[in-house]
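Observations on chain architecture
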Amino acid sequence: MDPLRVFLSSPGDVADERNLARSLLKEELPYDPLLPDDVAFRVISWDDPAAPTPMLANLTPQEAVNRFGPKPSECDVVVVVLWSRLGSHLDLRTFKKPNGEPYRSGSEWEFEDARDAKEPPAILVYRRTEIPEVKLNDPKWVEKREQYDLVEQFFTSFKNQDGSFRGGFTSYAKPTEFKERLEKDLKHLLRERFRCKTPDVGAGARAALSTQAWSKPPYPGLRSFVEEEAAIFFGRGREVDALISRLRDPTQRFLAIVGSSGSGKSSLVRAGLLPRLAAGAIEGSQGSRVLTFTPGAVSDNPFVALAIELHDLLPVHAQKPADIAEALAAAPQCLSDRANEILADQSPDAVLVLFIDQFEELFTLAAEDHRTGFIQLLARAAADPHLRVIVTLRADFLSQCAAEPALGMLLQAGTFVLGAPGPVALADMIRKPAERAGLDLEEGLADEIVKDAGSNPGALPLVAFCLEELYRQHGSERRLTLDHYRGMGGLRGAITRRVEALLMEFQEAEATNLDTILPQMFSALVHVDAAGKAARQRASWDDLAGSLPMAQLVRMLVDGRLLLTEEVSGRAVVMLAHEALIQEWSALSEWLDRNQSQLQRLQLAFSNLKSSAPTDRAYATQALGEIGAITPEVVPALIDALSDTNKEVCWKAATALGRIGPVTPEVVPALITALGDTAAAAAALGRIGAVTPKVVPALIAALGDTSKDASATSIRWQAVDALGNIGPVTPEVVPALVGILTNADTDHVSQVAEALAKIGQPAVAALINVLTNAGGDVCWRAGEALGKIGAPAVPALVRALTHFDESVRWTAAKSLGEIGSATPEVVPALITALFDLDLTVSSNAIRALGKIGPVTPEVVPALIYCLDIDELAAVTAAEELGKIGPVTPEVVPALIGILNHPEMRVRWTAAHALGKIGPVTPEVLPALISALDDVTEDVRSKVAKTLKDIEAADVGRT
């Protein structure tokens, strides 16, 4: 069958309808399964972008149209569309009516040429009933009014004088309604004219088309439609009509498309609105330029995202994007200057359209200081007649936008609420892309999907994913069936099954624990604001896929179309394919439920970090340390806080980094750099450990600052603790600590000794050297450290008991008492020390034996022996025997025996020791009663108290 020739006749004010008619005739009806397979159309349209009519200088426009194509009278169908204009007058010398009158326009001539033909074609006349808006101060007001009157006169000719109709026409309100009516009218004409029977639309009906209009997948899945996919974007025509109607008003320079997540906002603009504007839906819009970006595409600075797109459109790249961004932030009027440069070679009606997709990123990803300036820039842009701002916004962020005064004013006059598509529109979204791709949908499949979607406002992405999965699995069969749909789990099960299959495949291939790797990915790809609202965010490919298992998982999910990759300013980024995954991916939604409160707290902390109040910033750094690195932004924020002007903020930032640990390579270098400013950096490094070779040298270097400044002193002693915690990972640690031990002031000797004690055996030799060569508090602290080290220090301490310096001997004795009987040589060495000529040494040996206890048979006899050496030895030995108790029969008699000692202190201590032991033998009480006659009041008082204590203990036991 030869192509049907369809002539489109209309003035320029209905360019949108002309474009929709061409799309219907070229890209939809030829693939309609209810029409014969061999139906084709030849569209005669002088402004057809695919075959524009040559406009010669020696011909009038109408003559050119007639010369290079068939006249309306030579076509099969003529479509006349009128609204506010009838068109321009024709040259009277060439075109005039039989009565000599001029044709009022080319459209009128084309209509009458078809009507008066010997074999007239089918003539379809359509009139748009929407009242055109004309401002009273419009300089073309008179001309526009005259044109509208001409249209009224044209339609008056459709009636006879008696008011009856001599011809019919169809009224419509909006372009999409025109397209729908034209489609029905053409199908009716085709069936009547060619007496077509409805073909069998069985399994192979679609596949019979000789040429497919669409060879790529006809469903985009979870990603948004793009402008190049306008040919398969259906079901939103009326919404696009409404947007165009709003934008036709020259004062409507800001328009926000607001809808719930998954309502199709981005697709509506990208594949619905922008292609129709490019086709001239508004007078002059075909010459407009479009700049598309998202606020958080590059960083937390939306000016940079805008500048990158501006740079690509500017005719001369005189400035780098960073310079453009800086200029825009400093002077918003620069945007108007850049727009004028971009539009310099376009028509006066052309505008620069800023399409800001996912506008909520201004609140989820953009820094607060950038946000305020960017809103001011948008307000300025909305006042420029050469600029239009179109944004898409999640409905749950509308209140945050409205809270910004300048943005709230724009939203008052520029909000378009996008609801969920109705059942008919949703059915078109399912069926018509399949028609374009030559796919056969089993009867009832579309209806079941529509039914499953119901009125759920978030069902649209589920439908899109489900259809994409159906096509991926069965598209090669050219037929999608109900069994296919139900087999993949239906609308609610498709995403879940796809995710589970991909993760199972990953685990089988990589043998990696998903419980570890998935939370890392989720934290990078999902942002939760302080109010608890979750949104997807971009993550750098390099940062996210740093490990091999993560890289493999990301690639697998990208191939599975659950994640998207794109290049932004020369770097690869990854993001969730759609926010619907936040709810539909069970592992992700469960992770979000578990961590939502912490993520909210995280955003509050980030907000407080920008506060001018140091207490707020200090609170924020502490909170970040408690929360941990659950998102990639935590560590960089804490590193930045290390350079805060407030010392408490720096301290808490360093402490937080030490708590979090070296989760990124930047942590340790940042703490090393901060060593000169805050002691907490040293403590943090001690907690982290020697994870890089630079840690220990940096801490040792911090020991070298011997200034008396309080801050330097604090850093020095925190470095001491840190080195003690890290241990002898390099040979320099112990000498460095020993060096500072021997030079330390009295207040910090114990701190250095404690650090060496933590190091243990590797520090023994150095400590013994200090013990035997230093004096005073340093010697004593070295011995204390050796005592804490324990058994490895025993041989050296035993040798020190024979040192010529009595301070070394008594320190060694005390340290051995701290260690206890860790090795067999301890007790014999201490017993030997009982006979030291220095009373302090022998006294410390006695106390050490008492602390060790009767671990060998020699201990108690040795202590009893000491009762007869001298007053100090007797007092000390009596105290220790009281602590040990009657472990042998000799203890009590020995203590009773010294109740008659010539020295009062010895008698007093004996009474005290017997009181601790109690009346374990019959001799105790008589001995104590006898001591009540002691010559000194102190002893008598002590004995009396001891007897009372014994009596009270007996009563208690009774």
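Residues numbered from 1 in each chain as written. Predicted model: local features only at pLDDT ≥ 70, side-chain atom pairs only at ≥ 80, totals over all residues. Heavy atoms only, no water.

Named according to an unreviewed UniProt entry, the protein is HEAT repeat domain-containing protein originating from Microvirga arabica.

1. Quick notes on the overall build of the protein
Secondary structure summary: the protein contains 45 helices and 17 strands in total. Compactness check: the protein gives a C-alpha radius of gyration of 46 Å against a globular reference of 30 Å for 958 residues, more than 25% above the reference. Overall, the C-alpha framework of the protein stretches about 155 × 60 × 50 Å when taken along its three principal axes. Every one of the 958 residues in the protein was classed for burial, and the buried ones make up 54%. Pairs at least 24 residues apart make up 69% of the contacts formed inside the protein by residues separated by at least 6 positions. For the protein, the accessible area works out to roughly 42500 Å², and carbon and sulfur atoms hold 52% of it. (Helix = DSSP H or I, 4+ residues; strand = E, 2+ residues; numbered from the N terminus. Rg over C-alpha atoms; globule rule 2.2 N^0.38 Å. Buried < 20%, exposed > 50% of the residue type's maximum accessible area, 1.4 Å probe, protein only. Contact = heavy atoms within 4.5 Å. Areas by Shrake-Rupley, 256 points an atom, 1.4 Å probe, with all protein chains shown as cover.)

2. With respect to the nonpolar core
Counting 195 residues, the largest nonpolar core has M521, W585, L671, L699, L737 and L756 as its most contacted members. Per-element accounting of this core gives the leading share, 9 residues, to helix α17 (residues 459–474). Each residue touching L737, except ones within four places of it in the same chain, is listed here: L703, V720, L723, G724, V752, A755, L756 and I759. F254, L313, I356 and L377 belong to the second-largest nonpolar core, a separate cluster that totals 50 residues. (Core = buried A, V, L, I, M, F, W, Y, C linked by side-chain atoms within 4.5 Å.)

3. Here's the deal with the side chain of S263
Note on placement: S263 falls in the loop between β6 (254–259) and α7 (265–278). A distance of 2.8 Å separates the side chain of S263 from the backbone oxygen of S260, its partner in a polar contact. Each residue touching S263, except ones within four places of it in the same chain, is listed here: R236, L418, G419, P457 and L460. (Polar contact = N/O pair within 3.5 Å; in protein donor to acceptor, adjacent residues only side chain to side chain.)

4. Side note on the pairing of strand β16 (residues 563–568)
Judged from the 6 bridges that link them, β16 and strand β17 (residues 571–576) form a sheet pairing that is antiparallel. Note that in β17 the partner of V568 across the bridge is R571. Between the end of β16 and the start of β17, which pair antiparallel, lie 2 residues, with S569 showing a positive phi angle near 55°. (Pairing = 2+ DSSP bridges.)

5. A look at the packing of aromatic side chains
On inspection of all chains with the given rule, the structure shows 16 aromatic pairs. Taking 5.4 Å as the distance between ring centres and 45° as the angle between the ring planes, the aromatic pair formed by Y172 and F178 counts as tilted. Overall, Y172 belongs to the buried group, its relative accessible area being 2%. Judged by centre distance (5.8 Å) and plane angle (55°), the ring pair of F522 and W591 falls under tilted. Highlighted residues: F522 in helix α20 (residues 514–525) and W591 in helix α24 (residues 586–609), separated in sequence by 69 residues. Since its relative accessible area comes to 3%, F522 is described here as buried. Exposure remark for W591: the relative accessible area of 5% places this residue in the buried category. (Phe/Tyr/Trp six-rings, centres within 6.5 Å; stacked < 30°, edge-to-face > 60°.)

6. Digging into the packing of helix α5 (residues 175–193) against helix α6 (residues 237–248)
Here α5 crosses α6 at 145°, and the two axes come no closer than 7 Å. Judged by residue contacts, P175, T176, E177 and E180 of α5 engage G237, R238 and D241 from α6. In the contact of α5 with α6, the residues fall into 1 nonpolar, 2 polar and 4 charged. (Axes fitted to C-alpha atoms, helices over the stretch in contact; angles between N-to-C directions. Nonpolar A, V, L, I, M, F, W, Y, C, P; charged D, E, K, R; others polar.)

7. Focus: the sheet that holds strand β15 (residues 539–540)
A sheet is described by the order of its strands in space; here 3 strands give the open sequence β15-β17-β16, paired in antiparallel fashion. For this open sheet the edge positions go to β15 and β16, each flanked by a neighbour on one side alone. Across the sheet, α20 is in contact with β15, β16 and β17; its angle to β17 comes to roughly 100°.

8. Quick notes on a nonpolar patch on the surface
A surface patch of nonpolar side chains, amounting to about 400 Å² of accessible area, comprises V134, L136, W141 and V142. By relative accessible area, V134 is classed as partly exposed at 32%. (Patch = residues over 30% accessible without salt bridge, like charges linked within 9 Å, V, L, I, M, F, W, Y side chains within 5 Å. Salt bridge = Lys/Arg side-chain N within 4 Å of Asp/Glu carboxyl O.)

9. A few points about empty space enclosed by the protein
Counting across every chain of the model gives 2 cavities of 30 Å³ or more. As a volume, the largest cavity reaches approximately 40 Å³. Looking at the lining of the largest cavity, the elements that each hand over two or more residues are β13 (526–528) and α24. Sorting elements by how many residues they give to the lining of the largest cavity places β13 first, with 3 residues. Within the lining of the largest cavity, the residues separate by chemical class into 3 nonpolar, 4 polar and 1 charged. Of the voids in this model, the second largest cavity is the one considered here, and its volume is about 30 Å³. Lining the second largest cavity we find L8, S9, S10, E17, R18, A21, V81 and F178. For the lining of the second largest cavity, the secondary structure elements donating two or more residues are β1 (4–9) and α1 (15–28). In terms of residues, the lining of the second largest cavity owes the most to one element, α1, which gives 3 residues. Here the lining of the second largest cavity is composed, by residue class, of 4 nonpolar, 2 polar and 2 charged. (1 Å grid on protein atoms, 1.4 Å probe; cavity = no way out; pocket = protein on both sides within 12 Å on 5 of 7 lines; lining within 4 Å. Points joined across faces, edges and corners; volume = space filled by probe spheres on them.)

10. Let's talk about the sheet that holds strand β5 (residues 170–172)
Adjacent strands of a sheet pair through backbone hydrogen bonds, lying either parallel or antiparallel. Spatial ordering of the open sheet is given by β2-β1-β3-β4-β5, a layout of 5 strands whose pairing is parallel. Each edge of the sheet is formed by a strand with only one pairing partner; in this case those strands are β2 (41–44) and β5. For this sheet, the mean angle separating the axes of adjacent strands, direction not counted, is 25°. As defined by bridge partners, β1 adjoins strand β3 (residues 77–82) across 4 bridges and the pair is classed as parallel. Residue F7 lies in a different strand from β3, and its bridge partner there is V78. Across the face of the sheet, α5 comes into contact with β1, β2, β3, β4 (122–128) and β5 while running at roughly 165° to β4.

11. Considerations on unusual backbone geometry
At R478, a residue that is not glycine, the phi angle is positive and equals roughly 60°. Structurally, the position occupied by R478 is in the loop between α17 and β12 (479–480). Assessed through its relative accessible area of 18%, R478 is described here as buried. Its identity as a non-glycine residue notwithstanding, R561 has a phi of 65°, on the positive side. Checked against the element boundaries, R561 lands in the loop between α22 (548–559) and β16. Look at R561 and you get partly exposed, because its relative accessible area is 23%.

12. Quick word on α7
Relative to the 20 Å expected for 14 residues at 1.5 Å per residue, α7 spans 19 Å between its end C-alpha atoms, a close match to the ideal helical length. Of the residues making up α7, those classed as buried are K265, S266, S267, L268, V269, A271, G272, L273, L274, P275, R276 and L277. G280 sits one or two positions beyond α7 and adopts a positive phi of about 95°. (Expected span 1.5 Å × (residues − 1).)

13. Quick word on the packing of helix α41 (residues 871–884) against helix α43 (residues 904–917)
How two helices pack is summed up by the angle between their axes together with the distance between the axes. Packing of α41 against α43 brings their axes to within 8 Å, and their N-to-C directions diverge by 5°. The pairing of α41 with α43 is recorded here as roughly parallel in orientation. Here E871, A874, V875, A878, E879, L881, G882 and K883 of α41 come into contact with α43, specifically with R905, V906, T909, A913, K916 and I917. Residues of the contact of α41 with α43, tallied by class, amount to 7 nonpolar, 2 polar and 5 charged. (Parallel < 35°, antiparallel > 145°, perpendicular 65-115°, else oblique.)

14. Some points on the pairing of β3
Counted residue by residue, β3 has 6 buried out of 6 residues, so it is predominantly covered. Across the two faces of β3 the burial is the same, with V77, V79 and V81 and V78, V80 and L82 all buried. The pairing of β3 with β4 spans 6 bridges and is classified as parallel. Note that in β4 the partner of V81 across the bridge is Y126. Between β3 and its parallel partner β4, the chain crosses via helix α3 (residues 106–115), and the hand of that crossover is right-handed. (Right-handed = clockwise from strand over helix to strand, strands pointing away.)

15. Observations concerning the pattern of salt bridges
Between side chains of opposite charge, a pair can form as their charged atoms come close. Using the criterion set out here, one finds 55 salt bridges in the structure. Put simply, D47 and R18 hold a salt bridge, and the shortest N to O gap is 3.0 Å. Highlighted residues: D47 in the loop between β2 and α2 (61–67) and R18 in helix α1, separated in sequence by 29 residues. In this structure, R809 engages D836 in a salt bridge whose closest nitrogen and oxygen atoms are separated by 2.7 Å. Of the two residues, R809 is situated in helix α37 (residues 806–819) and D836 in the loop between α38 (826–833) and α39 (839–852); the sequence distance between them amounts to 27 residues. D836 carries the same exposure label as R809, and that label is buried. One network of salt bridges, with partners in common, ties together K97, R104, E108, E112, R115 and D116.

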